[in-house]
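Read off the chains here:
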Amino acid sequence: MKGVISSLSCSDNHVSLTKTPTFLKIIILSFISLFLFILVRRFSSDITTIPTTPSRKFPMSFNQTTVVFGKNPPPPPLRQPAVERTGIIDENGAMTNDFIVGEFDEEMIDSVVNGKNGSDNEGLKSDENRGAMRGKMGKFRVCDDSMRDYVPCLSNSKGKREFFERHFPPKGKGLDCLVPRPKDYKLRIPWPKSRDEIWFSNVPHTPFAKDKEGIKLVKKKGDKYTFSGDGAKQYLDQISKMVPGIAFGQRTRVAMDISCGIASFGAYLMDRNVSTLSIATKNVHNNQIQFALERGVPAILAAFTTQRLLYPSQAFDLIHCSRCSINWTHDDGILLLEVNRMLRAGGHFIWAAESVYRHEEISFAPFKEMEDLTQRLCWELLKKEGDISIWRKPLNNSCYLSRAPAVQPPLCDAGDDPDNVWNVNLKKCITQLPGNGYGANMTAWPARLHFPPDRLFSIKMDAELSRREIFKAESKFWNDIISGYIGAFHWKKLTLRNVLDMRAVYGGFAAALHDFDIDCWVMNVVPISGSNTLPVLYDRGFIGVMHDWCEPFDTYPRTYDLIHASALFSVERNRCNVTTIMLEMDRILRPWGRVYIRDTTPVIEELEEIAHALGWVPFKYDSSEGPYSNWKLLIGEKRL
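These lines cover the structure that appears in this document, whether it is placed above or below. Quantities reported herein were computed from a predicted structural model and do not represent experimental measurements.

1. Digging into the overall build of the chain
Okay, step 1: The secondary structure content of the chain amounts to 15 helices and 19 strands.
Okay, step 2: Burial analysis of the chain (640 residues in total) assigns 49% to the buried set.
Okay, step 3: Put simply, 72% of the contacts in the chain that link residues at least 6 apart link residues at least 24 apart.
Okay, step 4: For the chain, the exposed area adds up to about 31300 Å²; of that, 55% sits on carbon and sulfur atoms.

Structural data, given as structure tokens:
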């Protein structure tokens, strides 16, 4: 029995073993399939999910070792992201869903869709086309020769006092052609030699005709104009002796010269580390500012009329007026009140009423009237020597507040913003100084160049606690960029002199040029589309102006050797026609001048096409982030 049981057990085991392999294979294959399925799912998820990176405050710095010329290599195969997003990339490289589409012209869109492009001779009707959508462009035509000195907002105005004010061309009448250069135009004479001589063919006018004083200062010798600087040097020495506290190049860094003539005052102040903005009207001489710019002196067309000048309060350490033909006491002293607004607390006003004009009662008020007005403005007369008088503005409001209530002019309302200057009428009131002393106690030059000023905290912007860090980061960013430009594009050899920064922010670009000893001056522009940072620029020791890039700039053609625009077009393309801006850049750019534009890739692609239409020779470069970065650099060269 026991043997039978044993035999049966062996038999059962034998049956089980013969059936096991098939069953186990099925089980094992099922587990392997399940494992492979899970593994493939996990691996597929890993390779299709693209990690997001934090947005950058600034685009990556340019590195000469990563410059790519011509066409880029083909991109790698695209991988579909797990989550799709749509939006607009802002000027900082971050995606945003909050954007303005802007206006568009249905006829223009139809012409693009139907392939109806303008002919070479028609150019582009700039005021009628907006947005980024456009077809292929032909070459712009050259304007009539009579427009060689054309200034759009100042060349066609009429009236009395308003004659010198900006008059924006009506819609459809804006510049749509390339302003020609004068016959026999030559490459400018490099600075500092240009301070003393310029080519006659570049400014073919006779300056100050029938003016004996002008004949002494400007002479035509052969194919050049020559300028004498001896008188200017002696004049500056006299001012320094009269009031040593002015301290040119230390306490006094930024100055304004009103009705500057040929700008010798500002030209020779540069030897004393003073940056002087020379201003004058586009008047019958038709060339004062043009001569200054050809010499390489900071200058711009501007006039004391019915509106505030486009500079912030407490901008200038010194304001100078010699033979400026302005009656400062006229109309309750409204023009001198504008000087008071722009003059820094503790700053100096120099009035040189030359004897040649003393018989013209209409041009100059008697000195006693001037003395009475300045006393009511709480200015202190420091020194009067011959025809030169020097006043100092108070450091605070204590004198204003101690005046009798009936004394005129009154103080401006506390709610008046003295830095609001775009299309703001002049006011017959005294601009109050900030109660916290902002703008009064400036660090001496050159320390103020990199010292975050107090008025950094008066700017209306989102950041509150990190403003000093942003200020320093911008300076560091532009130092890196300019270092790359010097290495890759040999900026040291370009002999730059007149430079325009179309979107200056805190002036980091201009500061970097100074740090690298590039002997130039920069007109820093703060667009009205952004925060008003002009007070910070002036506190750092720079000059600048507020402007709307949807309108022409108040300067002569052929003003600048280099025009710089960083993250400007990606902002302004929602407000303006970018072609109009590019045409204006061509107008104010000197032959053989260069344009450097840093912006997003779609914007650069659009601007490159316009650059070809303008006749520039464009070059496109990658940033240090590589060929697939959203930031690009476009360089345009305007050749003869």
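The discussion continues.
2. Looking at the sheet that holds strand β19 (residues 631–637)
Okay, step 1: Sheet architecture is open: 7 strands sit in the order β15-β14-β13-β16-β17-β19-β18, paired in mixed fashion. Two strands lie at the open edges of the sheet, namely β15 (543–547) and β18 (617–622), each paired on one side alone. Strand-to-strand twist in this sheet, taken as the mean axis angle between neighbours without regard to direction, amounts to 20°.
Okay, step 2: Of the pairings in the sheet, the one linking β18 to β19 comprises 6 bridges and is antiparallel in character. By the bridge assignment, D622 is partnered in β19 with K632.

3. Digging into the pattern of salt bridges
Okay, step 1: In this structure the tally under the stated criterion is 34 salt bridges.
Okay, step 2: Across the salt bridge formed by D539 and R344, the nearest N and O atoms sit 2.9 Å from each other. Pair noted here: D539 is in helix α12 (residues 534–540) and R344 is in strand β10 (residues 343–352), with a separation of 195 residues, a long-range link. The pair D539 / R344 is uniform in exposure class, with both members buried.
Okay, step 3: Residues joined by salt bridges that share partners form a network here, namely D317, R344, R448, R455 and D539.

4. Points about the state of the cysteines
Covalent bonding between the sulfur atoms of two cysteines is what defines a disulfide.
Okay, step 1: A full pass over the atoms with the stated rule returns 5 disulfides.
Okay, step 2: For C321, the disulfide goes to C324, at an S-S distance of 1.6 Å. The chirality of the disulfide connecting C321 with C324 is left-handed, given an S-S dihedral of about -45°.
Okay, step 3: A sulfur-sulfur separation of 2.0 Å characterises the disulfide bridge that pairs C412 with C429. Of note, the bridge from C412 to C429 carries an S-S torsion of about 90° and is right-handed in sense. Highlighted residues: C412 in the loop between α9 (398–401) and α10 (467–489) and C429 in the loop between α9 and α10, separated in sequence by 17 residues. Each member of the pair, C412 as well as C429, carries the same accessibility label: buried.
Okay, step 4: Cysteine pairing for the chain, with bonded cysteines counted in sequence order: 1-2, 3-4, 5-6, 7-8, 9-10.

5. Notes on the pairing of strand β4 (residues 218–221)
Regular strands show a simple pattern: their side chains alternate between the two faces of the sheet.
Okay, step 1: As paired strands, β4 and strand β5 (residues 224–227) are joined by 4 bridges and run antiparallel to one another. Its bridge partner being in β5, K221 is matched across the sheet by K224.
Okay, step 2: As consecutive antiparallel partners, β4 and β5 are separated by 2 residues, and within that stretch G222 has a phi angle of approximately 65°, a positive value.

6. Notes on the pairing of strand β6 (residues 254–258)
Okay, step 1: Most of β6 is tucked away, with 5 of its 5 residues classed as buried.
Okay, step 2: The alternating pattern of β6 places V254, M256 and I258 on one face and A255 and D257 on the opposite face, and all of these are buried.
Okay, step 3: Pairing geometry for β6 and strand β7 (residues 275–280), over 5 bridges, is parallel. Along β7, the bridge assignment pairs I258 with I279.
Okay, step 4: With helix α5 (residues 264–269) bridging β6 and its parallel neighbour β7, the resulting β-α-β unit is right-handed.
Okay, step 5: Sheet analysis places β6 next to strand β9 (residues 316–322), joined by 4 bridges and oriented parallel. From the neighbouring strand, D257 faces β9, where its bridge partner is H320.

7. A look at the packing of aromatic side chains
Okay, step 1: In the structure shown here, the tally under the stated rule is 25 aromatic pairs.
Okay, step 2: Considering the side-chain rings of W351 and W391, the 6.5 Å spacing of their centres and the 35° angle between planes classify their relative orientation as tilted. Placement of W351 in strand β10 and of W391 in strand β12 (residues 388–392) is noted, with a sequence separation of 40 residues between them.
Okay, step 3: Ring geometry for Y485 against W491: centres 4.9 Å apart, planes inclined by 45°, an arrangement best described as tilted.
Okay, step 4: Exposure remark for Y485: the relative accessible area of 0% places this residue in the buried category.

8. Description of helix α14 (residues 578–588)
Okay, step 1: When you tally the buried positions in α14, you get 10 out of 11 residues, the bulk of the element.
Okay, step 2: On its buried side, α14 packs onto β13 (498–501), β16 (560–566), α13 (569–572), β17 (589–600) and α15 (601–614).
Okay, step 3: A distance of 2.9 Å separates the backbone nitrogen of T579 from a side-chain oxygen at the start of α14, and that oxygen is part of N577.

9. Observations regarding helix α7 (residues 330–342)
Okay, step 1: Over its 13 residues, α7 runs 19 Å from end to end, which matches the ideal 18 Å to within 8%, given 1.5 Å per residue.
Okay, step 2: In terms of residue burial, α7 counts as a mostly covered element, since 10 of its 13 residues are buried.
Okay, step 3: Three or more residues of α7 are buried, namely G333, I334, L335, L336, L337, E338, V339, N340, R341 and M342.
Okay, step 4: Where the residues of α7 are buried, they touch β6, β9, β10, α8 (367–376) and α9.

10. What to know about the sheet that holds β5
Okay, step 1: If you trace the 3 strands from one edge of the open sheet to the other, you get β3-β5-β4, paired in antiparallel fashion. Two strands lie at the open edges of the sheet, namely β3 (197–199) and β4, each paired on one side alone. The sheet shows a mean angle of 25° between the axes of neighbouring strands, taken without regard to direction.
Okay, step 2: Here β3 pairs with β5 via 3 bridges, running antiparallel. When the bridges of β5 are listed, W199 appears paired with K224.

11. Here's the deal with the side chain of H320
Okay, step 1: With respect to the helices and strands, the residue H320 is situated in strand β9.
Okay, step 2: Of note is the side chain of H320, whose polar atom sits 2.7 Å from the side chain of Y235.
Okay, step 3: At 2.8 Å, the side chain of H320 forms a polar contact with the side chain of D257.
Okay, step 4: In this view, H320 contacts Y235, M256, D257, I258, F265 and I350; residues no more than four positions away in its chain are not counted.

Procedures and definitions
For every chain, the first residue of its written sequence is number 1, and the numbers climb from 1 along that sequence. Only residues with pLDDT of 70 or above have their local features reported here, since the model is predicted, and side-chain atom pairs are shown and tallied only from 80 upward, although totals for entire chains, interfaces and linings are computed over all residues. Water and hydrogen atoms play no part in the side-chain values, which are based on all heavy atoms of the structure. A helix here means a DSSP run of H or I that spans at least four residues, while a strand means a run of E at least two residues long, and both kinds are numbered starting from the N terminus. For each residue, the accessible area found with a 1.4 Å probe, counting protein chains only, is set against the maximum for its type, and the residue is called buried under 20%, exposed over 50%, and partly exposed in between. Whether two residues touch is decided by their heavy atoms; if any such pair falls within 4.5 Å, the residues are in contact. Note that accessible areas follow from Shrake-Rupley with a 1.4 Å probe, and for residues the cover is restricted to the protein chains shown. Paired strands, in this sense, are two strands between which DSSP finds at least two bridges. To obtain an axis, a line is fitted to C-alpha atoms, over the contacting stretch when the element is a helix, and the angle between two such axes runs from 0 to 180 degrees between their N-to-C directions. Here, a salt bridge means any side-chain nitrogen of Lys or Arg that lies within 4 Å of a carboxyl oxygen of Asp or Glu. The rule for a disulfide is simple: a pair of cysteine sulfur atoms within 2.5 Å. Seen with the strands pointing away from the viewer, any crossover whose path from the first strand over the helix to the second strand runs clockwise is right-handed. Pairing of aromatic rings covers Phe, Tyr and the six-membered ring of Trp, with a centre-to-centre limit of 6.5 Å; geometry is then stacked below 30 degrees between planes, edge-to-face above 60, and tilted otherwise. Under this definition, polar contacts are N or O atom pairs within 3.5 Å; protein pairs additionally need one hydrogen-donor-capable and one acceptor-capable atom, and for neighbouring residues in sequence, both atoms have to be side-chain atoms. Helix span, expected: 1.5 Å multiplied by one less than the number of residues in the helix.

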